Amino acid sequence: RSHRIATHRMARRARLRTRLTDLVPGLEHPVTQGGMHHVAYAALVAAVSNAGALGTLTALTQPTPEDLRREIARTRAMITRRSEKSKSGYAPFAVNFTLLPALRPPDYESYARVICESDVEVVETAGANPGKFIEMFKKKGIIVIHKCTTLRHALAAERLGVDAVSVDGFECAGHPGTNDVGAMVLLAKARDVLTVPFLACGGIGTGRQLAAALALGADGVCMGTRFMATREAPIKDGIKRALIAADENQTTLVMTTVKNHERVYKNKVAEEVRAIEAVKPGDFGAIHHLVRGENYRVSFQETGDAESSVWSAGCVMGLIDDAPSCDELLTRIIDEAVDVMTTRLHRMIVVDAAL
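Below is a short write-up of the structure. (Residues numbered from 1 in each chain as written. Predicted model: local features only at pLDDT ≥ 70, side-chain atom pairs only at ≥ 80, totals over all residues. Heavy atoms only, no water.)

The subject of this paragraph is the pairing of strand β4 (residues 122–127). Buried residues dominate β4, accounting for five of its six residues. Sheet topology places strand β3 (residues 93–99) next to β4; six bridges connect them, and they run parallel. Each residue of the ladder has a partner; that of N96, found in β4, is E124. For the segment spanning β4, helix α6 (residues 131–139) and strand β5 (residues 143–148), crossover handedness is right-handed. (Buried < 20%, exposed > 50% of the residue type's maximum accessible area, 1.4 Å probe, protein only. Helix = DSSP H or I, 4+ residues; strand = E, 2+ residues; numbered from the N terminus. Pairing = 2+ DSSP bridges. Right-handed = clockwise from strand over helix to strand, strands pointing away.)

Before going further, it helps to spend a moment on the sheet that holds strand β2 (residues 55–58). The strand order across the open sheet formed by eight strands is β1-β8-β7-β6-β5-β4-β3-β2, and the pairing between neighbours is parallel. Edge positions in the open sheet fall to β1 (31–33) and β2, since each of these has one partner strand only. This sheet shows a mean twist of 30 degrees between the axes of neighbouring strands, independent of strand direction. One ladder, built from two bridges, connects strand β7 (residues 198–201) with strand β8 (residues 221–223); its direction is parallel. Residue pairing across strands places C201 opposite C222, the latter belonging to β8. The strands touched by helix α7 (residues 151–160) within the sheet are β5 and β6 (164–168), with β5 carrying the most contacts at an inclination of about 160 degrees. (Axes fitted to C-alpha atoms, helices over the stretch in contact; angles between N-to-C directions. Contact = heavy atoms within 4.5 Å.)

Okay, the environment of R81 next. Its place among the elements puts R81 in the loop between α4 (65–78) and β3. Between the C-alpha atom of R81 and that of E271, which follows or precedes it by 190 residues, the distance is 43 Å. Filtering out sequence-adjacent residues up to four positions away, R81 remains in contact with E28, S49, N50, A51, G52, G89, Y90 and A91.

Let's shift gears to a nonpolar patch on the surface. Taken together, V181, M184 and V185 make up a surface patch of nonpolar side chains, about 290 Å² in accessible area. Along the chain, the position of M184 falls in helix α8 (residues 183–193). You can call M184 exposed: its relative accessible area is 60%. (Patch = residues over 30% accessible without salt bridge, like charges linked within 9 Å, V, L, I, M, F, W, Y side chains within 5 Å. Areas by Shrake-Rupley, 256 points an atom, 1.4 Å probe, with all protein chains shown as cover. Salt bridge = Lys/Arg side-chain N within 4 Å of Asp/Glu carboxyl O.)

With that out of the way, let us pick up the environment of A112. Looking at the element boundaries, A112 is found in helix α5 (residues 108–117). What makes A112 buried here is its relative accessible area of 0%. Considering only alpha carbons, one finds A112 and E84, 28 residues apart in sequence, at a separation of 27 Å. Among residues more than four places away in sequence, those in contact with A112 are F97, F133, M136 and F137.

Position of N96 relative to the elements: it lies in strand β3. At a separation of 2.6 Å, a polar atom in the side chain of N96 contacts the side chain of E124. Each residue touching N96, except ones within four places of it in the same chain, is listed here: G35, T56, L57, T58, A59, E124 and A126. (Polar contact = N/O pair within 3.5 Å; in protein donor to acceptor, adjacent residues only side chain to side chain.)

Moving on to the packing of aromatic side chains. Within this structure, the stated rule accounts for six aromatic pairs. Measuring from centroid to centroid gives 5.6 Å for F97 and F137, while their planes differ by 90 degrees, and the two rings are edge-to-face. Of the two residues, F97 sits in strand β3 while F137 sits in helix α6, which places them 40 residues apart along the sequence. Considered together, F97 and F137 belong to a single accessibility category, that of buried residues. Between the aromatic rings of Y265 and W311, the centroid separation amounts to 4.6 Å while the plane-to-plane angle is 15 degrees, which identifies the pairing as stacked. (Phe/Tyr/Trp six-rings, centres within 6.5 Å; stacked < 30°, edge-to-face > 60°.)

Our focus in this paragraph is the packing of helix α9 (residues 207–216) against helix α15 (residues 326–348). It is the contact of α9 with α15, at a shortest axis distance of 7 Å, that shows an interaxial angle of 55 degrees. When the interaxial angle is binned, α9 and α15 end up oblique. Both α9 and α15 take part in a crossing whose hand is right-handed. Taken together, the residues of α15 that come into contact with α9 (itself represented by G207, R208, L210, A211 and L214) are I333, I334, E336, A337, V340 and M341. Of the residues contributing to the contact of α9 with α15, the split by class is eight nonpolar, one polar and two charged. (Parallel < 35°, antiparallel > 145°, perpendicular 65-115°, else oblique. Left-handed = near helix turned anticlockwise from the far one by under 90°. Nonpolar A, V, L, I, M, F, W, Y, C, P; charged D, E, K, R; others polar.)

Turning our eyes to something else, we now look at the pairing of β6. Summarising burial for β6: five of the five residues are buried, a large majority. Bridge analysis of β5 against β6 gives four bridges, and the strand direction is parallel. Directly across from K147, in β6, lies its bridge partner S166. Chirality of the crossover, the property in question, places the unit of β5, α7 and β6 among those that are right-handed. In this structure, β6 lies alongside β7, joined through four bridges in parallel fashion.

Written as structure tokens, this is what we have:
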């Protein structure tokens, strides 16, 4: 019993040091919050960073580059956690910069310029080849983490000079790519082929999974859907209740026939999209009115109706039972991971006496 008490006390005091926490000055925990449209605003980002993880602002959720500049400033003003290691003197945060197919592409160059001018410490790139933007960010001393769904893309990003990659398993919310390979295989192989630090992403929401990801070779985890179900997430309670009530089977894939796979919450609108795709494969115009981002912005920010739009969500819903504060969630995750690593796994080790 005394050993259990001592181990518990150690777990409460302990933190996890990885290549990710060494890479990002001022980062306390090897956990990042992924960029999410119409969710990752200043309130959530600051709450995550104040809890010791890496909050991530979504650039293209902001209507214009100047709106992004103001949201970055707002985020910075809301971060109160001090850090002697970061250049700002406060806990770091990141900006997500995603390059995706669009009928009317945004002014990517202007958004990137604002990021550079705002002294952001970390950028999470995603989507199409970000080569020229990686060079732009690196010249400003910005740490670049690129999200990948295949190891081929991860290796390409490594050659382009990124500092780390996020390896997204097929379980992840949003765009999991077109190769249905889960995290267990991707992470184990990533450890063998990558040189830069990498994050495990997709279906993660507990400390047990953080410990498992580290055991597989990852240097941290990236969570999206789990952070949606937190007190500070700036979305309506109806969406949070849906996340809590759902299980791991409550997702489906849409836009598969237009090669832009998206894992979303399974509702009547998502099923309608799938039905249209079955009849008109490859016809984006036939589904555009159902999958446009404005629809789920209304669900997230105005109505809280989980059934009226197509919105990203991951299989991790099966592990979500509450909506705690970000600080409570991070404390729970780190404590559980340390307990698994120091207690549960330790007890499994049997050393045979020498003959």
